[in-house]
Amino acid sequence: MTPTNGRPAAAHTPAGAPTGTGPEGPAEADGTARASRPAASGDGDTVASVVRQWRAVHPELNTGPMEVIGRINRCAALLQQAEDAPLRRAGLSRPEFDLLGALRRTGHELTPGELARETFSSGAAVTKRLKQLTERGLIERRGDTRDRRVAHLRLTDAGRDLVDGILPEQLAYETAVLSVLGPGEQDDLAALLGDLLSRLEGRMGALRA
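The model shown is predicted, which means the values in this text are computed figures rather than measured ones. (Residues numbered from 1 in each chain as written. Predicted model: local features only at pLDDT ≥ 70, side-chain atom pairs only at ≥ 80, totals over all residues. Heavy atoms only, no water.)

Chemist: Could you give an account of the nonpolar core, naming the residues involved and the relevant values?
Modeler: Formed by 19 residues in total, the largest nonpolar core has its most connected members in Leu-100, Leu-115, Leu-130, Leu-133 and Ile-139. When contributions to this core are tallied by element, the ones reaching two or more residues are α4 (94-106), α5 (112-119), α6 (123-135), β2 (151-155) and α7 (157-177). The greatest single-element share of this core, amounting to five residues, is contributed by α4. (Core = buried A, V, L, I, M, F, W, Y, C linked by side-chain atoms within 4.5 Å. Buried < 20%, exposed > 50% of the residue type's maximum accessible area, 1.4 Å probe, protein only. Helix = DSSP H or I, 4+ residues; strand = E, 2+ residues; numbered from the N terminus.)

Chemist: Residues and numbers for the pattern of salt bridges, please.
Modeler: Counting across every chain of the model gives 14 salt bridges. Of the charged contacts, one joins Arg-89 and Glu-169 as a salt bridge, the two residues approaching to 3.4 Å between their closest N and O atoms. Residue Arg-89 is found in helix α3 (residues 85-89), and its partner Glu-169 is found in helix α7; the two are separated by 80 residues along the sequence. Across the salt bridge formed by Asp-195 and Arg-199, the nearest N and O atoms sit 3.0 Å from each other. On the criterion of helical spacing, the pair formed by Asp-195 and Arg-199 is a turn pair, its members being four residues apart in helix α8 (residues 183-208). Asp-195 sits in the partly exposed class, given a relative accessible area of 28%. Looking at Arg-199, the relative accessible area reads 56%, which means it is exposed. Salt bridges linked by common partners bring Asp-45, Arg-55, Glu-67 and Arg-71 together as one network. (Salt bridge = Lys/Arg side-chain N within 4 Å of Asp/Glu carboxyl O.)

Chemist: Give me the environment of Val-163: which residues, what numbers.
Modeler: Among the structural elements, Val-163 can be located in helix α7. What makes Val-163 buried here is its relative accessible area of 4%. In sequence terms Val-163 and Asp-98 are 65 residues apart; their C-alpha atoms lie 9.9 Å from each other. Setting aside its immediate chain neighbours within four residues, Val-163 contacts Phe-97, Leu-100 and Arg-104. (Contact = heavy atoms within 4.5 Å.)

Below, the structure written as structure tokens:
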């Protein structure tokens, strides 16, 4: 996906330029450009304060990457702190729901290793969560007829009912969380994050090497 509202691509923004989206955002949902917004937009968040401090200490450094990655990390932390109210009421953590959701949306049995890849989790973390979900009667395990070391996992009827019942509530909750952005802004953000994620997934292994 690519932004379709006529806004200049993010790659053309000068490094270190102020970023942020709000009532003075760069474009309307219908694609018409807005008037130029004040350069201070986004200067009130916590990352902007951190960046200003680093610029005072090391004015020669480009803090542009910090403005992007720092804000992504801060948003993720705030969203995690919100604790996903519908999930919490159901006695589930987000990682547990992700496991149940993976089994529901794929529609077939998965091994623990496949679940780890589907949910971007470590094998040890998945094993612990699967034990808890199995004890709650939400997941059932079937041994492989050819290899006893391999387990195949699927949702029980109770697990399927729980996922189907809670998903609309969770989506409504997430809609409320994102309501600070207009629909067009959400579309733009989703497109930019999708582009970033697909590119990072293709090269992070090389960066770690």
